[in-house]
Amino acid sequence: MLSMFSTMAALYVAGRLWLDSENRVYLIQELDRRTGQGRSAISVDDTLKIITCREQQKRLAALQTELGKASQEGFVSNHLLDNNEKDSKKKLLAVVGISTNFGNKKNRDAVRKAWMPTGAALKKLEEEKGIVIRFVIGRSSNRGDSSDRAIDDESRHSNDFIILNDHVESPQEQSKKTKSFFVHAVEHWDAEFYAKVNDNVYVNLDAVGTVLASYLDKPRVYIGCMKSGEVFSQPEQKWYEPEWWKFGDGKSYFRHASGEIFAISKALAQFISINRSILRTYAHDDVSAGSWFISLDVKHIDEGKFCCSSWSSGSVCATA
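Residues numbered from 1 in each chain as written. Predicted model: local features only at pLDDT ≥ 70, side-chain atom pairs only at ≥ 80, totals over all residues. Heavy atoms only, no water.

## Overview of the state of the cysteines
Step number 1: Applying the stated rule across the entire model yields two disulfides.
Step number 2: In this model Cys 225 forms its disulfide with Cys 307; the gap between the sulfur atoms is 2.0 Å. When the S-S torsion is 90 degrees, as for the bridge of Cys 225 with Cys 307, the disulfide is right-handed. Of this pair, Cys 225 sits in strand S6 (residues 221–227) while Cys 307 sits in the loop between strand S8 (299–302) and strand S9 (317–319), placing them 82 residues apart in sequence.
Step number 3: Judged by its relative accessible area of 15%, Cys 225 falls in the buried class.
Step number 4: The residue that forms a disulfide with Cys 308 is Cys 317, at a sulfur-sulfur distance of 1.9 Å. Note on the Cys 308 and Cys 317 pair: the S-S dihedral is about -95 degrees, so by sign convention the disulfide is left-handed. Summarising the burial analysis for this pair, Cys 308 and Cys 317 share the class buried.
Step number 5: When the bonded cysteines of the protein are numbered from the N-terminus onward, they pair as 1-2, 3-4. (Disulfide = S-S within 2.5 Å. Helix = DSSP H or I, 4+ residues; strand = E, 2+ residues; numbered from the N terminus. Buried < 20%, exposed > 50% of the residue type's maximum accessible area, 1.4 Å probe, protein only.)

## Side note on unusual backbone geometry
Step number 1: The residue Asn 159 is not glycine, and still its phi comes out positive at about 55 degrees.
Step number 2: By the element assignment, Asn 159 lies in the loop between helix H6 (146–158) and strand S3 (161–168).

## A few points about the sheet that holds S3
Paired through backbone hydrogen bonds, the strands of a sheet run either parallel or antiparallel to each other.
Step number 1: Pairing is mixed across the open sheet formed by seven strands, whose spatial order is S3-S2-S1-S4-S7-S6-S8. At either margin of the open sheet sits one strand with a lone partner, and together these are S3 and S8. Strand after strand, the sheet turns through a mean of 25 degrees between neighbouring axes, direction not considered.
Step number 2: In this structure, strand S2 (residues 131–139) lies alongside S3, joined through four bridges in parallel fashion. The residue bridging Arg 139 from the neighbouring strand is Val 168, located in S3.
Step number 3: Most of the contacts of helix H10 (residues 285–293) go to strand S7 (residues 256–265), to which it runs at about 40 degrees, and overall it touches strand S4 (191–198), S6, S7 and S8. (Pairing = 2+ DSSP bridges. Axes fitted to C-alpha atoms, helices over the stretch in contact; angles between N-to-C directions. Contact = heavy atoms within 4.5 Å.)

## A word on the pairing of S4
Step number 1: When you tally the buried positions in S4, you get six out of eight residues, the bulk of the element.
Step number 2: Here strand S1 (residues 92–99) pairs with S4 via seven bridges, running parallel. Across the sheet, residue Val 96 finds its bridge partner in S4, namely Ala 195.
Step number 3: Where S4 lies against S7, five bridges are found, and the strand directions are antiparallel.

In structure tokens:
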């Protein structure tokens, strides 16, 4: 009886082991069939590359999301997101903006007669010397009034204006106007330099081109007649600075270029464009521009030829 039970138990165990073995073989074959193991066309290296690619796609998607948020908050220029909006593809030497206002038509006419080309000659200057010149003006606080209409008519006739539609023309807003000019200029023209000039300044264009060309090898330059001076804290004073207390007990401005004429390199104009919403402006546009660059790795160039107090040989400018 014991022998018979032992034999039956042995046969039962052997049968189960055989069945389990067959099941294992079947499962292995099925696994191979479904996963392609043993004859996979994708190597381990290829698999790692796919995983890396997917990770990069995830990072790219995250960066695009962050870029969109940053653009909405004003930290990234729309110009950097879409370079197709540029009006000019050719690299220019300089874009010169002549700051003017509604009551200064006589100044503009004098500039056109003295040193700014008009009509076909203005276009020729751009093509041959790479210098773009435009008068810069905002809009009236009473949008569409006679002042706005007069500028629109003059612009249609002369075709030499940058009209800042989002800027309200006001003596108290000159700093914001200068900032808006640089933003507009760098988003519409690809130039090495961007310069701001007052409409009561006479400019030697050949001298400007020569001076600017001498600094082409420097990536971040701020060129002008550098000065400093007293910060006026009394409202009745002509050059009153409402935020005078920010300049310390000595009440002296940091070194900055005179507002009559100064130039900045492309990198600085792009910096202004990208950070337009968070750049502080003060009562005077020359002080405001200087404050934007004071903490940057920028070469301040005290260029004597940009001092407009007198006209001499090789000078860039003279005041009217």
